[in-house]
Amino acid sequence: MQASDSSEGFQQQVLSELRQINQRLDRVETDIGNVKTDLGRVEVDVEKLNFKFDTYQNASDQVMRLATTIVIAAASVVILSPVLQAIAPAISTLVTGVAPGNG
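Residues numbered from 1 in each chain as written. Predicted model: local features only at pLDDT ≥ 70, side-chain atom pairs only at ≥ 80, totals over all residues. Heavy atoms only, no water.

**Remarks on the overall build of the protein**
And step 1. The helix and strand inventory of the protein stands at one helix and zero strands.
And step 2. Relative to the compact-globule value of 13 Å for 103 residues, the protein shows a C-alpha radius of gyration of 43 Å, a clear excess of over 25%.
And step 3. By residue count, 0% of the 103 residues in the protein fall in the buried class.
And step 4. Total accessible area on the protein stands at roughly 9,300 Å², and carbon and sulfur atoms take up 64% of it.
And step 5. Of the charged side chains in the protein, 8 are positive and 12 negative; the average position of the first set lies 6 Å away from that of the second. (Helix = DSSP H or I, 4+ residues; strand = E, 2+ residues; numbered from the N terminus. Rg over C-alpha atoms; globule rule 2.2 N^0.38 Å. Buried < 20%, exposed > 50% of the residue type's maximum accessible area, 1.4 Å probe, protein only. Areas by Shrake-Rupley, 256 points an atom, 1.4 Å probe, with all protein chains shown as cover. Lys, Arg positive; Asp, Glu negative; His and termini not counted. Charge placed at Lys NZ, Arg CZ, Asp CG, Glu CD.)

What follows is the structure in C-alpha cells.
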C-alpha cells in the first residue's frame, strides 16, 4: 500500500507543479499582452511626435523665408532710398525738359 500511496503523492506533486507552471505561463501571456498594448501606445505617441516635428519644421522654414523676405525688403529700402533721392533732380530735369511745350 505504501508504494501506491507514494505513487499517488508523487502524481499529486507533479500535478501541483504543473498547475503552478500553467499559472506562471498565464501570467507571462498576460504580461506579453500588456507589453504589446504598451508598444502600440508608444507607436501612436511616436507618430504624433513625428507629425508635430514635421509641422514645426515646416513652420520654421516658412518663418525663415518670411524673415529673409523682410530683411531683403528692408535692405532694398535702405539702399534704394538714397539712390532715388540722389537721382531725383536728374529725373525731374529730364521729365520737365521733355515735357510738351518745351520743344
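**Some thoughts on the pattern of salt bridges**
And step 1. What the rule picks out here adds up to one salt bridge.
And step 2. Its salt-bridge partner being Asp38, residue Arg41 comes within 3.3 Å of it at the nearest N-O pair. With Arg41 and Asp38 both in helix 1 (residues 2–98) and three residues apart, the pair spans about one turn of that helix. (Salt bridge = Lys/Arg side-chain N within 4 Å of Asp/Glu carboxyl O.)

**Notes on a nonpolar patch on the surface**
And step 1. Taken together, the side chains of Val78, Ile79, Leu80, Val83, Leu84, Ile87, Ile91 and Val95 make up a nonpolar region of the molecular surface, amounting to roughly 730 Å² of accessible area.
And step 2. Considering the arrangement of structural elements, one finds Ile91 in helix 1. (Patch = residues over 30% accessible without salt bridge, like charges linked within 9 Å, V, L, I, M, F, W, Y side chains within 5 Å.)

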